[in-house]
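Observations on the model geometry
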Amino acid sequence: MNATVDQYLCIGCGVCVGLCPKVFRIGEDGKSGVCQPVTEETLSPVQEAIDSCPVTAISWLENDERT
Ligand code: SF4
């Protein structure tokens, strides 16, 4: 399972990073990005970030290939 951040929608508010700093990181462009695959441990906070993002920029990636 992995998540993705729509760079066009993200306003860089940092809510997702606050909820799950292991997965989300604000890049040099001031937008959030996914820096690590979602694990069992981070599944719940990532879902919380998806639900909390003010511009609904985060979503689950479909057809994610596990390595
Ligand atoms: S919560 Fe949403 S808008 Fe805020 S930094 Fe994360 S992805 Fe961007």
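Details of the structure are given in the entry above.
To start, this report covers the structure provided alongside it.

Reading the values: the criteria
Residues numbered from 1 in each chain as written. Predicted model: local features only at pLDDT ≥ 70, side-chain atom pairs only at ≥ 80, totals over all residues. Heavy atoms only, no water. Near = heavy atom within 4 Å. Nonpolar A, V, L, I, M, F, W, Y, C, P; charged D, E, K, R; others polar. Core = buried A, V, L, I, M, F, W, Y, C linked by side-chain atoms within 4.5 Å. Buried < 20%, exposed > 50% of the residue type's maximum accessible area, 1.4 Å probe, protein only. Helix = DSSP H or I, 4+ residues; strand = E, 2+ residues; numbered from the N terminus. Contact = heavy atoms within 4.5 Å. Expected span 1.5 Å × (residues − 1). Salt bridge = Lys/Arg side-chain N within 4 Å of Asp/Glu carboxyl O.

1. Let's talk about the site of the ligand
Taken together, 13 residues are adjacent to the ligand, and Cys 10, Cys 13, Gly 14, Cys 16 and Cys 53 come closest. Looking at the shell around the ligand, its residues break down into ten nonpolar, three polar and no charged.

2. A closer look at the nonpolar core
Grouped together as the largest cluster of nonpolar side chains are 14 residues, with contacts concentrated most on Val 5, Val 23, Phe 24, Val 46 and Ile 58. Secondary structure elements with two or more residues in this core: β1 (3-5) and α2 (40-52). The dominant element in this core, judged by the number of residues it contributes, is α2, at three residues. Not counting chain neighbours up to four residues away, the residues in contact with Val 46 comprise Ala 3, Cys 20, Val 23, Phe 24, Val 38 and Trp 60.

3. Some points on α2
With 13 residues, α2 ought to run about 18 Å at 1.5 Å a step, and its terminal C-alpha atoms sit 19 Å apart, in line with that. Buried residues in α2 make contact with β1, α1 (15-19), β2 (24-26) and β4 (58-60).

4. Concerning the environment of Leu 61
By secondary structure assignment, the location of Leu 61 is in the segment after β4. For Leu 61, a relative accessible area of 36% puts it in the partly exposed group. For the pair Leu 61 and Gly 30, spaced 31 residues apart in sequence, the C-alpha separation works out to 22 Å. The contact partners of Leu 61, leaving out residues within four places of it in the chain, are Asn 2, Ala 3 and Thr 4.

5. Points about the pattern of salt bridges
According to the stated counting rule, one finds one salt bridge in the structure shown. With a closest N to O distance of 2.6 Å, Lys 22 and Glu 41 form a salt bridge. Residue Lys 22 is found in the loop between α1 and β2, and its partner Glu 41 is found in helix α2; the two are separated by 19 residues along the sequence.

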